[in-house]
Amino acid sequence: MCSRRRPIRALLVVALLVCACGTRGGMGQSCGATGVAVQVLGSGGPELQDKRASTSYLIWEDGRARVMVDAGGGSALRFGESGAQMSQLDVFLFTHFHVDHSGDFPALVFSSWFEDRKRPLPVYGPEGNEYMPSTTEFVSDLFSDPHGAWRYLSELVEPGTGGSYQLQPHDVAGSATPALVFRNAGMAVYAVRVIHGVFPALAWRVEMGGKRIVFSGDTNGEGEGLTQLAMNADLFVAHNAVPEGATGLERRLHMPPSVIGEIAANAHVKQLVLSHRMLRTLGKEKETESEIRRRYSGPITFANDLDCFPVK
Ligand SMILES: [Zn+2]
């Protein structure tokens, strides 16, 4: 009798192990099967030694990945692991064009080539300046004929040249107060201009299924725009790129925990997720949390790659 039971028990153990791996490791979509959820594809910054994909987020609704925000290095792999399909996306949003927010975009687009997508993919991001391309320039520099780096994919941006769906890039000037940028039957998307040194940058709010989700992007937190954008957010993803006490260039580019806490408190956000974790903030979670806690009393989570946050 025992000898007959043992293999079954062994099989059960194996099955349990496989299931545990499947929640994180590419065994199919497991985030946002019902309702609205945010999945962190990349929780790191530019440093590869943080062993995290760079910045990227997905918003799921009822089993469909509908919005993607940023596409830093490593996010294309995480996108595949999440179980999402490029053909599911309604819109793609860029906060700005630093490499750690945009480097995997061509990989995602080339992957979409092998999917059956027919409808255009709107792509929204900031205007350009002397340091950065605009969103339309960025897409054109990648894919347009004859000068794009991957001009063999030019039919994605030149209508009528092939059977491909179209990328539809748009430059968003961004204002000091939140403004509507995109709307369809299921969602409304707002942007506000934020300060990230000399680089044009936007923070985004997505309203979907009665929920408000806000992404700070990279910013030093100056001005009232981000607080207004984040007002009453159900989920606020803020970037923990510098520790308290940061000075100089770091501080001119990024907001320390005290500023994150102030914005989260003033905006009455219901849940705070900290991402864009860098070597200078990793290991300082205790200090970071206590700085935020002095101002904000809601739930705080430090994000890891592929974490899924159902928005309740
Ligand atoms: Zn960044």
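To keep things clear, this report deals only with the structure shown in the data block. Source: prediction; values computed, not measured. (Residues numbered from 1 in each chain as written. Predicted model: local features only at pLDDT ≥ 70, side-chain atom pairs only at ≥ 80, totals over all residues. Heavy atoms only, no water.)

As for the state of the cysteines
Item 1. Under the definition given, this model contains one disulfide.
Item 2. A sulfur-sulfur distance of 2.1 Å marks the disulfide that ties cysteine 31 to cysteine 308. Its S-S torsion of about 80 degrees marks the bond between cysteine 31 and cysteine 308 as right-handed, since a negative value means left-handed. On the criterion of sequence distance, the pair formed by cysteine 31 in the loop between α1 (2-22) and β1 (36-42) and cysteine 308 in strand β14 (residues 308-310) is long-range, its members being 277 residues apart.
Item 3. Residue classification places cysteine 308 among the partly exposed positions, given a relative accessible area of 30%. (Disulfide = S-S within 2.5 Å. Helix = DSSP H or I, 4+ residues; strand = E, 2+ residues; numbered from the N terminus. Buried < 20%, exposed > 50% of the residue type's maximum accessible area, 1.4 Å probe, protein only.)

Let's talk about the pairing of strand β3 (residues 64-69)
Item 1. Of all six residues in β3, five are buried; the element is thus mostly enclosed.
Item 2. The sheet contact formed by strand β2 (residues 56-61) and β3 spans five bridges and is antiparallel. Considered in β3, the bridge of glutamate 61 is made with arginine 64.
Item 3. Taking the residues that link successive antiparallel strands as the turn, the β2-β3 hairpin has two residues, and the phi of aspartate 62 there is positive, at about 45 degrees.
Item 4. The pairing of β3 with strand β4 (residues 91-93) spans three bridges and is classified as parallel. Residue pairing across strands places valine 69 opposite leucine 93, the latter belonging to β4.
Item 5. Remark: the β3/helix α2 (residues 75-82)/β4 crossover connection has right-handed handedness. (Pairing = 2+ DSSP bridges. Right-handed = clockwise from strand over helix to strand, strands pointing away.)

Structural notes on the coordination of the zinc ion
Item 1. Surrounding the zinc ion are the protein donor atoms Asp100 (OD), His101 (NE2), Asp218 (OD) and His276 (NE2), at 2.1 to 2.2 Å.
Item 2. One can describe the site at the zinc ion as irregular: its four donor atoms subtend angles covering 86 to 169 degrees at the metal.
Item 3. Look at where the donors of the zinc ion fall in the sequence and you get D-H-x116-D-x57-H. Here aspartate 218 lies in the loop between β10 (211-215) and α6 (225-229) and histidine 101 lies in helix α3 (residues 99-102), a separation of 117 residues in the sequence. (Donors = N, O, S within 2.8 Å, 3.2 Å for Na, K, Ca; no water. Tetrahedral: all angles 85-135°; square planar, octahedral: opposite > 155°, others 65-115°.)

Let's talk about the sheet that holds strand β11 (residues 235-239)
Item 1. One open sheet holds the seven strands; their spatial order is β7-β8-β9-β10-β11-β12-β13, and the pairing between them is mixed. Each of the sheet's edge strands pairs with one partner strand only, and the pair in question is β7 (179-184) and β13 (300-302). Averaged over all pairs of adjacent strands, the angle between their axes in this sheet comes to 20 degrees, without regard to strand direction.
Item 2. The pairing of β10 with β11 spans three bridges and is classified as parallel. (Axes fitted to C-alpha atoms, helices over the stretch in contact; angles between N-to-C directions.)

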